[in-house]
Amino acid sequence: MPKIKKKGTSGAAKNYITRTQAVKKLQLSLPDFRKLCIWKGIYPREPRNKRKVTKHLKSSTTFYYTKDIQYLLHEPLLAKFREQKILEKKISKALGRGDVSDAARWERQGNDPEKTGKPKYTLNHVVRERYPTFVDALRDLDDCLSMLFLFANLPSTSAVPAKMIARCERLCLEFQHYLIVSHSLRKSFLSIKGIYYQANIQGEDILWLVPYKFNQRIVGDIDFRIMGTFVEFYMTMLGFVNYRLYTSIGLKYPPKFDQLKDEQGAELGAFALEGVNIATDSNGTKAITNGESQHGPDPKVQAEVDKIVKQLKENEISDDKPAETEVEEGEEGEQATDAIDKFEPVAAGGDILPQPTYSSSDPAELFSKFTFYLSRETPRQPLEFILRAFGCKRIGWDAVLGEGAFTTDESDPSITHQIVDRPVVRAAVNVDEGDGEDNQTARKLDPNGRYPGRIYVQPQWVWDSVNDEELKSPELYAPGASLPPHLSPFVKTRQGQYDPTLPLEAQETEAEALDAELADAGEDDDVENDMDVASDEEDEEEDGDFGGFSGEEDEEDDDEEEEEGSEDEETAATLQRQRELEAEVSGKQVKSKQVDPKLKAKLEQRKQLEKKAREEAEDLERAKGMLSKKKRKLFEQMQYTNKKKSTEDLKLREKRRKIEKESKSKA
């Protein structure tokens, strides 16, 4: 007789375990179990058939893999949690007996991190287990950075201690210093939620969100215990990542931190990087030398070397000229060019690939030649970070914004660009206070004034220049000017999709262009007809021969002219004959309507396009009849989606066409 199989010992009932069973098996409290699962990366699972897993089924039952819970039995953190539980029992018993001194002693021995700053446990081994390689940690860095930057901007409360906020802020600033030194920042975007940043570290694109520097209001319906558990793990993880990144470029970690400067609002300026590639100048700013010596070559020797190199280049050019003429004469059909290959779509309507281009300048040195001054109303933290990440070494701001500025004097003559976010500024007023006084010291600036020789731009100029990897025209971003649209650099345009960066003529279809031209021509005809009617009324007033119902006849003529455009040729001929008869009765001269040949050609072209569209629709319907029912439904769904997208793109193009037309009429 075969052995009877007991229910619940194999299959889905054995593979899954409920949360209550897991908590009892691990002998933990529910908050500790939740912490452990978050740190170890164990999440609830949904079985295919819940009734096969357990007898007592509820809608709120949470399941885990049995193997995952078995794996947690060997976790060293379990012993730490049990020790903490034992300590809490000792303290509660001492308080129950009335031994306050014993309870205080047990509490001091507990190494409470909020009291002594010493952690009860570390998550180093958990980070090493979850991320065996450094690339794995970089791929999971997006959520880590977003969470830490969020907590770095929160106010301290009982749920969010001040030490956690300070630790998050310090780790984030250390990470920003690495991006500045390595020039790894690529793009940034200003959104409603905050500022998006994208960096490329060792070939991995990392995107994170930084909230704006506003006074945050803590809401009571947010569970900060769960978020604090994630933050505790992410702080350990980012510490590992920062150490690896700093050592990879030859820097010491952690960098020197000046507490006094940090209290004065220096932020990035509170850190001093140390390493073989970092040298500090007399002004206290960090200078990156890339291993080169600070002392340059002798200017006389350098001038002689440059002269010799220039002569050699001229000789090479003169020697190459006859050779080039021989090649052109011998091989006329072949053209040797150094042009970069272009990636074109094989099929019509395929995705357009990004084309390679010659890099005329390094994006990391985009702002290296400029000296910036940030006005009080501009966001200092993101602007300083972006400008330093793209090569700027000299950034000044007002003293009220904090320490660490290159200069706090707005009238410094070395400033080339000033970023403002206020109404239109006026020119400075020069006041001569003395004969022997310098022009720079004699110049006084009135409120909301402007210094001559300085470029004034709005903050969006920095973001658009960074995203396009080129300096945008400052005139488009002048104070008080209507700014161009700030588009997301993370959206990839597809074939046929509306692209705000391209002109309207380059992306509209032939039918749309014809409709727009015909609409413009129709408006022009209406204006001409109105002018003709006005001239007719003036003639009638001067003549005064027959003024009984001439106005009514003119209105009938106008109505007939409007209807003529929509009637066929036979109706048009009938109306023309009727108009002649009425003109004979009234004694007026018959005006023959002239048809513009260009307009007539466009109408014929429109008819041909409509006919072609009808034929294509008929061919498509015939082709759909050859498909099976399943494939036909799938094809119809695809058609519906494409039609919906094309309708949205058409609305955007019509809106843009209307705006451009209004701007032209105003101009």
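Just so it is clear, the structure is predicted and the values come from calculations on it, not from any experiment. (Residues numbered from 1 in each chain as written. Predicted model: local features only at pLDDT ≥ 70, side-chain atom pairs only at ≥ 80, totals over all residues. Heavy atoms only, no water.)

### Structural notes on the overall build of the protein
The secondary structure content of the protein amounts to 22 helices and 17 strands. For the protein, with 667 residues in total, the buried portion stands at 29%. Taking the intrachain contacts of the protein between residues at least 6 apart in sequence as the baseline, contacts between residues at least 24 apart amount to 61%. Accessible area of the protein: about 45,100 Å², with a carbon and sulfur share of 51%. (Helix = DSSP H or I, 4+ residues; strand = E, 2+ residues; numbered from the N terminus. Buried < 20%, exposed > 50% of the residue type's maximum accessible area, 1.4 Å probe, protein only. Contact = heavy atoms within 4.5 Å. Areas by Shrake-Rupley, 256 points an atom, 1.4 Å probe, with all protein chains shown as cover.)

### Concerning the environment of Ala266
With respect to the element layout, Ala266 can be found in the loop between helix H13 (259-263) and strand S7 (271-272). Between the C-alpha atom of Ala266 and that of Gly402, which follows or precedes it by 136 residues, the distance is 5.5 Å. Other than its neighbours up to four places away in sequence, Ala266 contacts Lys261, Arg380 and Glu403.

### Let's talk about the packing of aromatic side chains
Going through the model one piece at a time under the given rule, you end up with 21 aromatic pairs. Seen from their ring centres, Trp39 and Phe81 are 6.3 Å apart, and the 25 degrees between their planes marks the pair as stacked. Of this pair, Trp39 sits in helix H3 (residues 30-40) while Phe81 is found in helix H5 (residues 77-97), placing the two residues 42 residues apart along the sequence. This pair shows no difference in class: Trp39 is buried, exactly as Phe81 is. Consider the rings of Phe372 and Trp461, whose centres lie 6.2 Å apart with planes at 40 degrees: the pair is tilted. Pair noted here: Phe372 is in strand S10 (residues 371-374) and Trp461 is in helix H17 (residues 460-468), with a separation of 89 residues, a long-range link. For Trp461, a relative accessible area of 1% corresponds to the buried category. (Phe/Tyr/Trp six-rings, centres within 6.5 Å; stacked < 30°, edge-to-face > 60°.)

### Considerations on the side chain of Asn242
With respect to the helices and strands, the residue Asn242 is situated in helix H12 (residues 224-248). Here the side chain of Asn242 touches Leu171 through a polar contact of 3.4 Å, landing on its backbone oxygen. (Polar contact = N/O pair within 3.5 Å; in protein donor to acceptor, adjacent residues only side chain to side chain.)

### A few points about helix H22 (residues 629-666)
Compared with an ideal rise of 1.5 Å per residue, which puts 38 residues at 56 Å, H22 spans 55 Å between its outermost C-alpha atoms and is within 8% of the ideal. Turning to H22, its buried residues number three or more, namely Asp649, Arg653 and Arg656. (Expected span 1.5 Å × (residues − 1).)

### Some remarks on the pattern of salt bridges
All chains considered together, the criterion is met by 17 salt bridges. We note a salt bridge from Lys40 to Glu75, for which the minimum N-O separation is 2.7 Å. Residue Lys40 is found in helix H3, and its partner Glu75 is found in the loop between helix H4 (66-72) and H5; the two are separated by 35 residues along the sequence. Lys40 gets classed as buried once you look at its relative accessible area, which sits at 8%. (Salt bridge = Lys/Arg side-chain N within 4 Å of Asp/Glu carboxyl O.)

### Examining the nonpolar core
Judged by nonpolar contacts, the single largest core of 90 residues is most densely connected at Leu141, Trp208 and Phe367. Element by element, the count of residues in this core is highest for helix H11 (residues 162-182), at eleven residues. (Core = buried A, V, L, I, M, F, W, Y, C linked by side-chain atoms within 4.5 Å.)

### Comments concerning the packing of helix H10 (residues 141-152) against H12
The N-to-C vectors of H10 and H12 enclose an angle of 115 degrees; their axes lie 9 Å apart at closest approach. Relative to H12, H10 is oriented roughly perpendicular. Once H10 is placed against H12, the crossing between them reads as left-handed. Counting all contacts with H10, which are made through Leu141, Asp143, Cys144, Leu145, Met147, Leu148, Leu150 and Phe151, the residues of H12 involved are Phe224, Met227, Gly228, Phe230, Val231, Tyr234, Met235, Met237, Leu238 and Val241. Among the residues making up the contact of H10 with H12, the classes are represented as 16 nonpolar, one polar and one charged. (Axes fitted to C-alpha atoms, helices over the stretch in contact; angles between N-to-C directions. Parallel < 35°, antiparallel > 145°, perpendicular 65-115°, else oblique. Left-handed = near helix turned anticlockwise from the far one by under 90°. Nonpolar A, V, L, I, M, F, W, Y, C, P; charged D, E, K, R; others polar.)

### A look at the confidence of the model for the protein
Predicted confidence across the protein gives a mean pLDDT of 78, with 73% of residues reaching 70 or more. Per-element mean pLDDT across the protein ranges from 41 in strand S9 (residues 286-288) up to 96 in strand S4 (residues 195-201). The low-confidence segment residues 431-443, where pLDDT is below 50, has ten contacts with residues more than four positions distant or belonging to other chains. (pLDDT = per-residue confidence, 0-100.)

### Things to note about the pairing of strand S3 (residues 185-190)
The side chains of a regular strand alternate between both faces of the sheet. Pairing of S3 with S4 involves five bridges; the strand directions are antiparallel. Looking at the pairing, Lys187 lines up with Gln198 of S4. (Pairing = 2+ DSSP bridges.)

### A short note on the sheet that holds strand S5 (residues 204-210)
One open sheet accounts for three strands, arranged S3-S4-S5; its pairing is antiparallel. Unpaired on one side and paired on the other, S3 and S5 mark the two borders of the sheet. Adjacent strand axes in the sheet meet at a mean angle of 15 degrees when their direction is disregarded. Sheet contacts for H11: S3, S4 and S5; angle to S4, the most-contacted strand, approximately 60 degrees.

### Thoughts on H11
Its 21 residues place the ends of H11 31 Å apart at the C-alpha level, agreeing with the 30 Å of an ideal helix rising 1.5 Å per residue. His183 lies just past H11 and shows a positive phi near 55 degrees.

### A look at the side chain of Glu75
Residue Glu75 is classed as buried on the basis of its relative accessible area of 6%. Of note is the side chain of Glu75, whose polar atom sits 2.7 Å from the side chain of Lys40. Excluding anything up to four places from it in sequence, Glu75 contacts Leu36, Lys40, His125, Val126 and Glu129.

### A word on the environment of Val400
Residue placement: Val400 occurs in the loop between strand S11 (394-397) and strand S12 (417-419). Along the sequence, Val400 and Gln264 sit 136 residues apart, while their C-alpha atoms lie 9.8 Å from each other.

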